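Reading the structure
Below are the chains, spelled out letter by letter.
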Amino acid sequence: MTEALAALLTGLAAGLHCATWGMYKDAPHEGFTWSTYVRSPILAALIGLALGLGTSLDATTAAGLVVLFAVTYGLERATLEVYKTFIRVEDQSKYTIPMQFSVRGKVVESPALRLGAGAAYLGGGLLVLFGIHRLEMAQLSVSPWLIVFVIASAGGWISAFGGAWKDAPIEGFHTFKFFRSPGMAFGYGVLVSALTTSYVFVFLGSIGFTVATIETYKTFFFPDRPRGKFQGKEPEFPEYLERRKRFVPLYVLVWLSLLTAIVLAFVQPRDGLLF
């Protein structure tokens, strides 16, 4: 298998993972369309291919596949969240928690203000990436554990503050929920940093794995509990409470394949920040 094809398929697997938990939680409320379902797989496949061709990540190795999956996952989620929050315009009445950019729970209607906020958010994210890259170039003589803690938990803090900004005005502030993402991101940062020496990949990969794990837990461990954005709303398409289960085997297959790759990565020679 060529590196390009391996990268493409790895990205596709990451996108199918994202699309499946998204469909599983949303279909009973929004219905199902293939055009929506394939959006994440197509985007993630292209991201994976670009990473495979433009970076040192080699998805023909177990370690490279694991890191590429996680980094692609993080980039795909970030891209779609920026689009849905700051660019996409849709009826927000179907949501309990607004999905478009809002302040104190009230949607910002002005396109110019939304786009301006989106540009500032994107600029801040790129600045964080640049800072992490510069940190790697500095080659500081400090414990690699401290480095991993800083760069991995950074993504968790971004997720935590973004979630609190969106959810807290409606649901209230939950301390455990706020600190969950930074803590989990650090844990996954340890995993990713054992497979790569790139600070940026550790940062993005820890975000990707954190989102994948949290969404799996919320979606499949509590399938009958409506997600926050639909809290208090009855499903408009109740037939999908059963139909969505047809996609579960695919979701499980992606997880099992990823876990297998992780095991193989740790029994093969690898080059990482830790271990």
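Before reading on, note that the structure itself is shown above.
Everything numeric in this text was worked out from a predicted model, so none of it was measured.

Scanning the protein from terminus to terminus reveals ten helices and two strands. Beginning at the N terminus, the succession of helices and strands in the protein can be written as α-α-α-α-β-β-α-α-α-α-α-α. Its C-alpha atoms give the protein a radius of gyration of 19 Å, near enough to 19 Å, the size a compact globule of 275 residues would have. Viewed in the frame of its principal axes, the protein has a C-alpha envelope of about 50 × 40 × 35 Å. Here the protein holds 275 residues, and 45% of them are scored as buried. Here the analysis covers contacts within the protein between residues at least 6 apart in sequence; of these, 79% occur between residues at least 24 apart. If you sum the accessible surface of the protein, you get close to 14000 Å²; carbon and sulfur atoms cover 67% of it. A gap of 4 Å separates the mean positions of the 23 positive and 19 negative side-chain charges of the protein.

To continue, consider the packing of aromatic side chains. According to the stated counting rule, one finds 18 aromatic pairs in the structure shown. Judged by centre distance (5.6 Å) and plane angle (40°), the rings of Phe-86 and Tyr-121 are tilted. Of this pair, Phe-86 sits in helix 4 (residues 62-87) while Tyr-121 sits in helix 5 (residues 111-138), and the two are 35 residues apart along the sequence. Since its relative accessible area comes to 44%, Tyr-121 is described here as partly exposed. A centroid spacing of 5.7 Å and a plane angle of 85° characterise the contact between Trp-157 and Phe-179, whose relative ring orientation is edge-to-face. Linking Trp-157 in helix 6 (residues 144-171) with Phe-179 in helix 7 (residues 175-193), this pair joins segments that are 22 residues apart in sequence.

Looking now at a nonpolar patch on the surface. Together, Leu-140, Val-142, Leu-146, Phe-149 and Val-150 give the surface a local cluster of nonpolar side chains, amounting to about 430 Å² of exposed area. Residue placement: Val-142 occurs in the loop between helix 5 and helix 6. By relative accessible area, Val-142 is classed as partly exposed at 39%.

Moving on, we get to the packing of helix 1 (residues 3-30) against helix 4. Following both chains from N to C, one finds helix 1 and helix 4 inclined at 50°, their axes separated by 9 Å at the closest point. Accordingly, the angle class assigned to the pair helix 1 and helix 4 is oblique. Like other packed secondary-structure pairs, helix 1 and helix 4 cross with a definite hand, here right-handed. Contacts between helix 1 and helix 4 involve Ala-7, Thr-10, Gly-11, Ala-13, Ala-14, His-17, Cys-18 and Trp-21 from the first element and Leu-65, Leu-68, Phe-69, Thr-72, Tyr-73, Glu-76 and Arg-77 from the second. Across the contact of helix 1 with helix 4, the residue classes tally to nine nonpolar, four polar and two charged.

This part takes up helix 8 (residues 199-220). When the terminal C-alpha atoms of helix 8 are compared, their 32 Å separation across 22 residues agrees well with the 32 Å that a helix rising 1.5 Å per residue should span. Counted residue by residue, helix 8 has 16 buried out of 22 residues, so it is predominantly covered.

This next bit is on the environment of Leu-258. Within the element layout of this structure, Leu-258 appears in helix 10 (residues 248-267). The sequence separation of Leu-258 and Ala-13 amounts to 245 residues, and the corresponding C-alpha distance is 9.2 Å. Those residues in contact with Leu-258, other than ones at most four positions away along the chain, are Phe-69 and Phe-209.

On to the nonpolar core. Counting residues in hydrophobic clusters, the biggest one holds 43 residues, and the most contacted among them are Val-67, Phe-69, Tyr-73 and Phe-209. Elements represented by at least two residues in this core include exactly helix 1, helix 3 (39-54), helix 4, helix 6, helix 7, helix 8 and helix 10. With residues near it in sequence (within four places) discarded, Phe-209 still touches Val-66, Phe-69, Ala-70, Tyr-188, Leu-191, Val-192 and Leu-258. The next biggest cluster of nonpolar side chains, apart from the first, holds eight residues, and it includes Leu-16, Ala-27, Tyr-240 and Phe-247.

Before going further, it helps to spend a moment on the packing of helix 1 against helix 3. Two elements in contact, helix 1 and helix 3, have axes separated by 7 Å at closest approach and are oriented at 145°. Seen along the crossing, helix 1 lies across helix 3 with a hand that is right-handed. Residues Ala-4, Ala-7, Leu-8, Gly-11, Leu-12, Ala-14, Gly-15, Leu-16, Cys-18 and Ala-19 of helix 1 form the contact with helix 3, whose own contacting residues are Ser-40, Pro-41, Ala-44, Ala-45, Gly-48, Leu-49, Gly-52 and Leu-53. For the contact of helix 1 with helix 3, the residue count by class is 13 nonpolar, five polar and no charged.

So, on to the side chain of Asp-58. For Asp-58, the location among the structural elements is in the loop between helix 3 and helix 4. Among buried charged residues, Asp-58 stands out as having no salt bridge; its nearest opposite-charge side chain is Arg-270, 15 Å away. Looking at Asp-58, its side chain comes within polar contact range of the side chain of Thr-60, at 2.5 Å. Setting aside chain neighbours within four positions, we find Asp-58 in contact with Glu-3, Gly-64 and Leu-65.

What counts and what doesn't
Residues numbered from 1 in each chain as written. Predicted model: local features only at pLDDT ≥ 70, side-chain atom pairs only at ≥ 80, totals over all residues. Heavy atoms only, no water. Helix = DSSP H or I, 4+ residues; strand = E, 2+ residues; numbered from the N terminus. Rg over C-alpha atoms; globule rule 2.2 N^0.38 Å. Buried < 20%, exposed > 50% of the residue type's maximum accessible area, 1.4 Å probe, protein only. Contact = heavy atoms within 4.5 Å. Areas by Shrake-Rupley, 256 points an atom, 1.4 Å probe, with all protein chains shown as cover. Lys, Arg positive; Asp, Glu negative; His and termini not counted. Charge placed at Lys NZ, Arg CZ, Asp CG, Glu CD. Phe/Tyr/Trp six-rings, centres within 6.5 Å; stacked < 30°, edge-to-face > 60°. Patch = residues over 30% accessible without salt bridge, like charges linked within 9 Å, V, L, I, M, F, W, Y side chains within 5 Å. Salt bridge = Lys/Arg side-chain N within 4 Å of Asp/Glu carboxyl O. Axes fitted to C-alpha atoms, helices over the stretch in contact; angles between N-to-C directions. Parallel < 35°, antiparallel > 145°, perpendicular 65-115°, else oblique. Left-handed = near helix turned anticlockwise from the far one by under 90°. Nonpolar A, V, L, I, M, F, W, Y, C, P; charged D, E, K, R; others polar. Expected span 1.5 Å × (residues − 1). Core = buried A, V, L, I, M, F, W, Y, C linked by side-chain atoms within 4.5 Å. Polar contact = N/O pair within 3.5 Å; in protein donor to acceptor, adjacent residues only side chain to side chain.

Function cannot be inferred from these measures alone, as they are strictly geometric.
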